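The lines below spell out each chain.
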Amino acid sequence: MHSVSDLTTFSRKTSGDIPPKLVGASTTVVGDKVYLYGGRLVTERRMVTDMYVFDLRTLTWEKIPAPADDCIPAQRYFHSADAWNQYLIVFGGMGLKSEADDSTEDLCVLNDVCFYDIPAKRWMPPSWSFNDNPLVPPPKPRYAHLSSASGDRLFIIGGQDLDSVWLDDVYIYDLSARSWVLRRDYPRHCGTYRSVAVSAGLRVHQPQEEARHPSPSPASGKPLFHTGHASSSAPPTVLTSRDNLIHLPYSAHPTDDFPNGIFLYSNYNFTDVKRELEILMPLPNGEFSVTDASSTMNGPAFPPGLRFPAGAILGTHLIIAGTYLAHSFQSFSVWALNLVDMSWSRIDPGSTLATGSWFRSGLWANGNKFIVFGNRQGNLVDDYNRRLLSWDHIAMIDLEAFGIYQPPGLELDIRMQEMGLAALEEGILADFEIVCDDDRRVKCSRKLLEDRWPWFKEQRRLFLQAATKALDTLPLSATHVALPDVPNATQESRPDPRLTPRLLDLSEPYPITLALVQYFYSLALVTPLQHAPAVLSALLVLATNYDLGHLQSLVKHAMHRALSNSTSVGVYEVATLCSCRSLQIRQLYNQKRPSTRSRQDREGPSRTPDINGNPGSGGAGDQPPTARPRGMSDALMRPSDPRQISGGGIVRGGNVTTIANDGRLPTSESIYG
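For every chain, the first residue of its written sequence is number 1, and the numbers climb from 1 along that sequence. Residues qualify for local features only when their pLDDT is at least 70, as the model is predicted, and side-chain atom pairs are given and counted only at 80 or more; totals for whole chains, interfaces and linings, by contrast, use all residues. In computing side-chain properties, one takes all heavy atoms of the structure into account and sets aside hydrogens as well as water.

Let's talk about the overall build of the chain
Here is the rule: Only DSSP runs of H or I with at least four residues qualify as helices, and only runs of E with at least two residues qualify as strands; both kinds are numbered from the N terminus onward. Between buried and exposed lies partly exposed: a residue is buried under 20% and exposed over 50% of the maximum accessible area for its type, with that area taken using a 1.4 Å probe on protein chains only. Accessible surface is estimated by sampling points in the Shrake-Rupley manner with a 1.4 Å probe; for residues, cover comes only from the protein chains shown.
Looking only at helices and strands, one finds 13 helices and 33 strands in the chain. Taken over 673 residues, the chain has a buried fraction of 53%. Roughly 31,000 Å² of accessible area belongs to the chain as shown, and the carbon and sulfur atoms make up 52% of that amount.

Below, the structure is given as structure tokens:
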């Protein structure tokens with residue numbers, strides 16, 4: 001019988017120009033591609049300087065031929081490779097002396113920096129990648145070192161020289177100026193056998209934490225703003241207070257004010273494992289600070305000793321993976337450290353990685369997946385002893401199924417979101433109405449809907465096209481006879497019959513319609529109404545039906561943060577309906593847990609400040625609704641009593657968040673009490 005964990009991971013055979021078995025090759029994920037460079041052939045004990053690219057969508061390898069006039073670097077292995085802008089940055093490694101041939105063991109270590117232009121598929125000349133800085137000489141040649149890029153700085157950490165002596169230092173290479181700019185001693189041994197250094201491409205911002213240092217703005221608790229132009233005929237509207245708004249964590253590119261730190265994780269003394277975690281944070285003056293976070297790590301279980309660990313950061317999680325070898329058990333193990341509360345948890349890939357030889361791994365951020373290359377028929381212990389890397393198969397672990405993902409970015413900054421919501425509540429430029437299924441109407445701007453709702457824009461185009469055609473066919477005189485329609489003629493697309501020049505009959509409950517319009521005005525989920533679990537479910541269906549990708553990502557983000565025992569059944573059903581597989585699997589994991597409330601459910605969301613992220617909010621309590629099927633309707637619920645939700649989306653007089661325990665999706669009774 002398969003476990004839930006088997007749903008999170010799958011393996012596939014790769015195709016194309018599959019690379020040979022290698023030792024010490026580098027792999028770097030860039031977008032939807034993996035670039036493999038260098039290494040030493042296992043069969044011939046010969047180093048190579050070949051470049052391969054693997055397409056993560058088609059699972060196909062391709063060997064990139066080098067142009068005849070290309071400045072190919074010296075062959076090497078146990079080097080480092082990092083992505084920066086359009087380049088692959090290769091540094092150091094172990095190679096052969098220039099006068100040696102491939103058949104000798106006349107080894108040397110390297111300290112050159114090589115730039116590979118990814119779009120052009122060629123190497124930059126050596127003179128281009130080095131500008132002499134007399135204040136900071138190049139680092140000593142080394143191999144098996146660590147490297148990570150943060151902004152325009154490449155950090156080179158530790159490694160060993162030709163005599164396998166540890167090099168306890170940190171160098172910084174300015175990728176824009178192409179010169180070494182800093183050297184500092186580092187009091188720890190660091191190398192690829194025991195350590196890994198990683199940095200994230202995006203930083204997770206938590207608006208509530210950043211609001212502790214706000215810029216001048218309207219006083220907290222006051223309405224967002226008044227324009228003085230609200231329609232006098234409009235019914236009185238309760239304006240949303242800033243204190244009632246909910247701003248989700250979001251992703252953004254790092255800046256000088258909010259840089260991305262480099263997380264340096266080490267484990268050693270594998271019989272009695274010692275674990276260390278330090279954060280190297282770049283400073284505006286070119287220096288960096290070091291924070292020891294080893295003592296803050298906690299959790300019911302910690303990672304075992306992992307050999308040749310790999311790592312990555314996705315969202316607010318540090319992922320660590322590597323080979324675990326014990327006398328009675330061997331496996332490829334994957335763990336995640338929540339950077340919010342610094343707790344460890346194991347990523348269970350099920351039976352996929354239980355057999356075979358799996359070693360080289362990396363993060364596919366675009367797909368929220370952790371990838372592992374290997375051979376399903378290989379022997380892990382034998383291949384580890386030979387340091388052998390195989391590329392015949394790939395395993396993909398769905399990290400979102402474990403609640404690990406990159407939060408969506410902002411389409412509008414937070415201040416603009418609040419202004420957009422205020423504009424909706426005050427009826428500014430409201431020249432269009434959306435009719436709900438109880439005949440209540442939401443006033444809004446037609447131009448704004450056209451700009452932010454592609455389906456609506458297309459329907460307006462078809463409507464105007466049909467209207468123009470109708471005008472053109474009007475008789476010019478009483479004796480005019482219209483031409484008959486030609487049978488079997490190509491039928492043009494017709495506008496949706498629900499659309500008129502001033503109205504759209506959406507046939508949705510008023511709260512769902514209002515929440516959707518609030519999204520169009522703010523391009524965010526900011527009101528308490530939008531975060532009610534029942535409303536989130538309906539918004540996910542609408543986002544799927546109308547192909548609103550950004551809204552769908554926001555709703556899934558909010559659902560992940562609000563997932564609890566009380567909401568998991570409803571989340572599972574709507575995730576199934578909308579083909580959100582990762583959300584389905586995470587709900588199943590949630591159902592496996594004890595039914596007692598978690599600490600977060602009891603105490604609410606944690607406010608512990610973190611390095612780069614924030615905790616999720618708890619779910620709501622249970623209320624028993626009665627279900628009614630909606631067939632092919634756009635919505636999942638119908639209103640019967642609007643007393644408890646105001647026009648501004650503020651909850652009044654009760655809790656609107658409810659999901660049934662019996663597996664039914666919420667209906668109007670569960671929303672309105």
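Once you've had a look at it, read on.
Concerning the sheet that holds strand 31 (residues 432-435)
The cut-off we apply is this: Being paired, for any two strands, means DSSP has found at least two bridges between them. Axis definition: a line fit to C-alpha positions, over the contact stretch in the case of helices; interaxial angles, taken between N-to-C directions, run 0 to 180 degrees. We call two residues contacting when some pair of their heavy atoms lies within 4.5 Å.
With mixed pairing, 3 strands are arranged side by side in an open sheet as 32-31-33. Two strands in the sheet have a free side with no partner beyond their single neighbour: strand 32 (441-444) and strand 33 (503-505). For this sheet, the mean inter-axis angle between neighbouring strands, taken without regard to orientation, is 20 degrees. When strand 31 meets strand 32, the two strands line up antiparallel, connected through 4 bridges. Its bridge partner lying in strand 32, Val-435 is registered against Arg-441. Across the face of the sheet, helix 6 (residues 510-522) comes into contact with strand 31 and strand 32 while running at roughly 10 degrees to strand 32.

Description of the packing of helix 3 (residues 414-425) against helix 6
The description of two helices packed together rests on the angle between their axes and the distance between the axes. Note the following rule: An angle below 35 degrees is treated as roughly parallel, one above 145 as roughly antiparallel, one from 65 to 115 as roughly perpendicular, and anything else as oblique. Crossing handedness: left-handed means the near helix sits turned counterclockwise from the far one by under a right angle, and right-handed means the same turn made clockwise. Under the scheme applied here, ten amino acids are nonpolar (Ala, Val, Leu, Ile, Met, Phe, Trp, Tyr, Cys and Pro), four are charged (Asp, Glu, Lys and Arg), and all others, including Gly, are polar.
At a minimum axis separation of 8 Å, helix 3 and helix 6 run at an interaxial angle of 130 degrees. As judged from the angle between their axes, helix 3 and helix 6 are oblique. Regarding helix 3 and helix 6, the two cross each other, and that crossing is right-handed. Residue-level inspection shows Gln-417, Gly-420, Leu-421, Ala-423 and Leu-424 of helix 3 in contact with helix 6, the latter providing Leu-514, Val-517, Gln-518, Tyr-521 and Ser-522. Considering only residue class, the contact of helix 3 with helix 6 consists of 6 nonpolar, 4 polar and no charged.

Here's the deal with the side chain of Ser-294
Heads up, the rule is: Under the rule applied, a polar contact is a pair of N or O atoms within 3.5 Å (in protein, one hydrogen donor and one hydrogen acceptor; residues adjacent in sequence only if both atoms are side-chain atoms).
Residue placement: Ser-294 occurs in the loop between strand 23 (288-292) and strand 24 (307-314). A residue is classified by how much of its surface remains accessible, and Ser-294, at 19% relative accessible area, is buried. A distance of 2.9 Å separates a polar atom in the side chain of Ser-294 from the backbone nitrogen of Leu-277. Residues contacting Ser-294, with those up to four places away along its chain left out, are Arg-275, Glu-276 and Leu-277.

Overview of the packing of aromatic side chains
Applied cut-off: Centre distance within 6.5 Å is the pairing criterion for rings of Phe, Tyr and Trp, where only the six-membered ring of Trp is used; planes under 30 degrees apart are then read as stacked, over 60 as edge-to-face, and the remainder as tilted. For a ring to carry a charge above it, either NZ of a lysine or CZ of an arginine must fall within 6 Å of the ring centroid while also lying within 35 degrees of the normal to the ring plane.
Applying the stated criterion across every chain yields a total of 31 aromatic pairs. Ring geometry for Tyr-77 and Phe-78: centres 5.0 Å apart, planes at 45 degrees, overall tilted. Measuring from ring centre to ring centre gives 5.6 Å for Tyr-519 and Phe-520, while their planes differ by 55 degrees; the resulting arrangement is tilted. For Tyr-519, a relative accessible area of 5% gives the class buried. For Phe-520, a relative accessible area of 0% puts it in the buried group. A connected cluster of aromatic rings, assembled from ring pairs, spans Trp-84, Tyr-87, Phe-91, Phe-115, Trp-128, Tyr-171, Tyr-173 and Trp-180. Stacked on the ring of Trp-128, the Lys or Arg Arg-178 has its end atom at 4.0 Å from the ring centre. The lysine or arginine in question, Arg-194, covers the ring of Trp-166, its NZ or CZ lying 5.7 Å from the ring centre.

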